[in-house]
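# Fold and geometry: a report
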Amino acid sequence: MADRKTFEFEVTTKKFLTFNSKEVRTDLTRWDLGSRISLTTFTYNNFFKDYQAKDFAYDFFNDPTVQANLKVFSANQRQLVSWGSHEIKECQVEIVPCSITSMDFFDRLKTPGMVREMGALYKCLDEDIEGFIVSDELHKMLLSEESEHWEMFSEEERGEFLFLLFKHLVLGGPICQYDDLIERYLEVAKNLYKEFYRGTEKQRNQENRNRLKDPESLGLGQRYLLVPRRRTRADLLLPGPQSC
């Protein structure tokens, strides 16, 4: 890695108005995510290309500014804490596609046996799937290939950022209070997706024109990177002292 230019990072003061709104914070707290998610933005010095994803993530997690400002969830303390100084030896990363342009993507959920016309979730017998107590068909479709609705979304669609965001909200934390209606899951996913999007002025102008035609249109053009979670000695949700 010595013969390449290192990515360097600076923390910004960007405010996430939707994420920090009273309404969304109430939802996230009910889903046991309020104290488990932290948003921090950084600028970086080089142009980024997809083939540099692994180097980018490696530099990001080793950057002293990032380590000083990043917040992670501590299961021991049950709160967000400063990540602190670590030396990262290796970093795995995946580029997450974000090609979905409309919330119409989720219209297929309102089908018999999944979500009723008025938004109520179809219930099922309680069962434990991957540590989640599943009591409705929506959760079962998200978690189990044995669900009769599993093929409602293809493998590629399940890898989309919007789908992953929606899934994260629906599953929530260990003491999540699940909703009986689907509306808030969809609304919060839509609003957060829009807030996380940041494109060029040209892209934003085009997106504004798109929304005049389709109010459910979503922003595009951003790169999302997924760093697989590995449990560490401190039980943090981000890389530990040796690898990420």
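Because the structure is a prediction, the values reported are computed rather than measured.

## So, the overall build of the protein
Summing up its helical and strand segments, the protein has eight helices and eight strands in all. Within the protein, the proportion of its 244 residues that are buried is 42%. Only carbon and sulfur atoms are counted for the fraction: they give 50% of the accessible area of the protein, which is about 14,200 Å².

## Considerations on the packing of aromatic side chains
The geometry of an aromatic ring pair is captured by the separation of the ring centres together with the interplanar angle, meaning the angle of the planes. Taken as a whole, this structure holds 20 aromatic pairs when the rule is applied. Relative to Phe 56, the ring of Tyr 44 lies with its centre 5.0 Å away and its plane at 80 degrees, an arrangement referred to as edge-to-face. Of the two residues, Tyr 44 sits in strand E2 (residues 42-44) while Phe 56 sits in helix H2 (residues 53-62), which places them twelve residues apart along the sequence. A relative accessible area of 12% places Phe 56 in the buried class.

## Examining helix H1 (residues 22-30)
Looking only at H1, the buried set comprises Val 24, Asp 27 and Leu 28. Buried residues in H1, looked at end-on, bunch into an arc of 95 degrees, giving them a common side. More than 90 degrees from the buried face of H1, the exposed residues found are Lys 22 and Thr 29. A positive phi of about 60 degrees marks Asp 32, the residue just after H1.

## Looking at the nonpolar core
Burial of nonpolar side chains together is a common tendency in soluble globular proteins. Of all hydrophobic cores here, the largest spans 43 residues; its most connected members are Phe 106, Leu 109, Leu 138 and Phe 166. For this core, the elements supplying multiple residues, two or more each, are H1, strand E6 (123-129), helix H4 (137-143), helix H6 (161-171) and helix H7 (183-196). Per-element tally for this core: the top contributor is H6, with eight residues. With residues up to four places along the chain from it excluded, the contact list for Leu 109 reads Met 114, Val 115, Leu 138, Met 141, Met 152, Phe 153, Phe 166 and Ile 182. Ala 57, Val 66, Val 81 and Trp 83 belong to the second-largest nonpolar core, a separate cluster that totals 16 residues.

## Overview of the side chain of Asp 63
Among the secondary structure elements, Asp 63 is positioned in the loop between H2 and helix H3 (64-69). In this structure Asp 63 is buried but unpaired, with Arg 4 as the nearest side chain of opposite charge at 10 Å. Dropping the residues within four chain positions of it, Asp 63 is found in contact with Phe 7, Glu 8 and Phe 9.

## Looking at the environment of Phe 60
Tracing the chain through its elements places Phe 60 in helix H2. For Phe 60 and Phe 9, which are 51 residues apart along the polypeptide, the C-alpha to C-alpha distance reads 7.2 Å. Setting aside residues up to four positions removed in sequence, Phe 60 forms contacts with Phe 9, Phe 42, Val 66 and Leu 70.

Calculation notes
- Residues numbered from 1 in each chain as written.
- Predicted model: local features only at pLDDT ≥ 70, side-chain atom pairs only at ≥ 80, totals over all residues.
- Heavy atoms only, no water.
- Helix = DSSP H or I, 4+ residues; strand = E, 2+ residues; numbered from the N terminus.
- Buried < 20%, exposed > 50% of the residue type's maximum accessible area, 1.4 Å probe, protein only.
- Areas by Shrake-Rupley, 256 points an atom, 1.4 Å probe, with all protein chains shown as cover.
- Phe/Tyr/Trp six-rings, centres within 6.5 Å; stacked < 30°, edge-to-face > 60°.
- Arc of directions from axis to C-beta.
- Core = buried A, V, L, I, M, F, W, Y, C linked by side-chain atoms within 4.5 Å.
- Contact = heavy atoms within 4.5 Å.
- Lys, Arg positive; Asp, Glu negative; His and termini not counted.
- Salt bridge = Lys/Arg side-chain N within 4 Å of Asp/Glu carboxyl O.

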